[in-house]
Amino acid sequence: MTDVRTILRQAAEALGDRLEAELLLAHVLGVNRAWFFAHADDELGTDATAAFGGLVRRRAEGEPVAYITGTRDFWSMTLEVGPATLIPRPETELLVELVLERLPAGGRVLDLGTGSGAIALAVAKERPDASVTAVDFSEPALVVARRNAERHGLQRVRFAASNWYSAVVDERFDVIVSNPPYIESSDAHLGQGDLRFEPSSALASGADGLDDIRRIASGASAHLVDGGWLLMEHGWNQGQAARSILERTDLMDVFTAQDLEARDRVSGARLAVR
Ligand code: GLN
């Protein structure tokens, strides 16, 4: 028998990551990480020890922690995630903040490529007055997103299968938001780390990584109300490229916002107020 403190220390050393060890043990025990403070001296039973050992091995072999536990925290919510969805990243919370700053009372939001539903559900949670539509090309991703809506009492979010704007042709929104795929299809990172396990359709987007950003940008003006905003996440080195794509549309007030690590992360623009 081993105590919680020791087994966590061993796993943190094996994985080179204390947080990951805690997330896996919390999952096995059905507790949250705060529990460890008061229970460091508790003895762990043999079943729990064996189960934890199995998860640590899977992680050591590369499987993302979020797919092993089936969850990832985003904004103030625990979301179900799985191999059909991208794992929400902390930097994507910037996109949520920018939406909340721009969404008028009772406004309509469209989340393109919602995946686990992270952005749409965070906005819906903060803004009960908003009408939120979330679309994804992937039916398996929509199944996960709908379960997340239910889990957080946000069934009023409308989900639809859609290839970007295909399911919302006649609709206009106050804010269109997207964390689209934006990695260059030849980027070596796609074959490394967690990305190996995530859906490539949610990650890669053509030779320069900008195919989907171009599609979303070119369709935006037909789906925004006057003064409405388009906001898209992109790579740290794509700010300039994203702005020039936006500048070639009917949209104006093009800008780029930086994430907490001061990297270009989101670019946006809006339809003129007539
Ligand atoms: N931010 C992710 C990464 O670089 C990519 C997500 C995306 O393509 N939307 O790992």
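Conventions used here
One numbering rule holds for all chains: residues counted from 1, following each sequence as written. Reporting of local features is limited, given that this is a predicted model, to residues whose pLDDT is at least 70; pairs of side-chain atoms are given and counted only at 80 or more, and all residues count toward the totals for whole chains, interfaces and linings. Heavy atoms from the whole structure form the basis of all side-chain values; hydrogens and water molecules are not counted. Ring pairs are drawn from Phe, Tyr and Trp, using the six-membered ring of Trp, whenever the two centres fall within 6.5 Å, and their geometry is named by plane angle: stacked under 30 degrees, edge-to-face over 60, tilted for the rest. We call a residue buried when its accessible area falls under 20% of the maximum for its residue type, exposed when it is over 50%, and partly exposed in between, using a 1.4 Å probe and counting protein chains only. A run of H or I in DSSP counts as a helix once it spans at least four residues, and a run of E counts as a strand once it spans at least two, with each numbered from the N terminus. Should a side-chain nitrogen of Lys or Arg be within 4 Å of a carboxyl oxygen of Asp or Glu, the pair is scored as a salt bridge.

Peer 1: Would you mind going over the packing of aromatic side chains with me for this structure?
Peer 2: Here the distance between the centres and the angle between the planes together describe a pair of aromatic rings. Scanning the entire structure with this criterion turns up two aromatic pairs. Aromatic side chains Trp 35 and Phe 36 sit 5.9 Å apart centroid to centroid with 80° between the ring planes, which places their arrangement in the edge-to-face category. Owing to a relative accessible area of 24%, Trp 35 belongs among the partly exposed residues under this scheme. Measuring from ring centre to ring centre gives 5.7 Å for Trp 229 and Phe 255, while their planes differ by 80°; the resulting arrangement is edge-to-face. One end of the pair, Trp 229, is in strand S9 (residues 224-233); the other, Phe 255, is in strand S10 (residues 252-258), with 26 residues separating them in the sequence. With relative accessibility at 18%, the residue Phe 255 sits in the buried group.

Peer 1: What's the story with the pattern of salt bridges in this structure? I'm lost.
Peer 2: Close approach of charged atoms allows side chains of opposite charge to pair. Scanning the entire structure with this criterion turns up 20 salt bridges. Linking Glu 80 and Arg 147 is a salt bridge whose minimum nitrogen-to-oxygen distance equals 2.7 Å. With Glu 80 in strand S4 (residues 77-80) and Arg 147 in helix H8 (residues 139-151), this residue pair connects regions lying 67 residues apart in the sequence. On the accessibility criterion, Glu 80 (18% relative accessible area) is buried. By relative accessible area, which is 43% here, Arg 147 ends up partly exposed. Through salt bridges with shared partners, a single ionic network connects Asp 259, Glu 261, Arg 263 and Arg 265.

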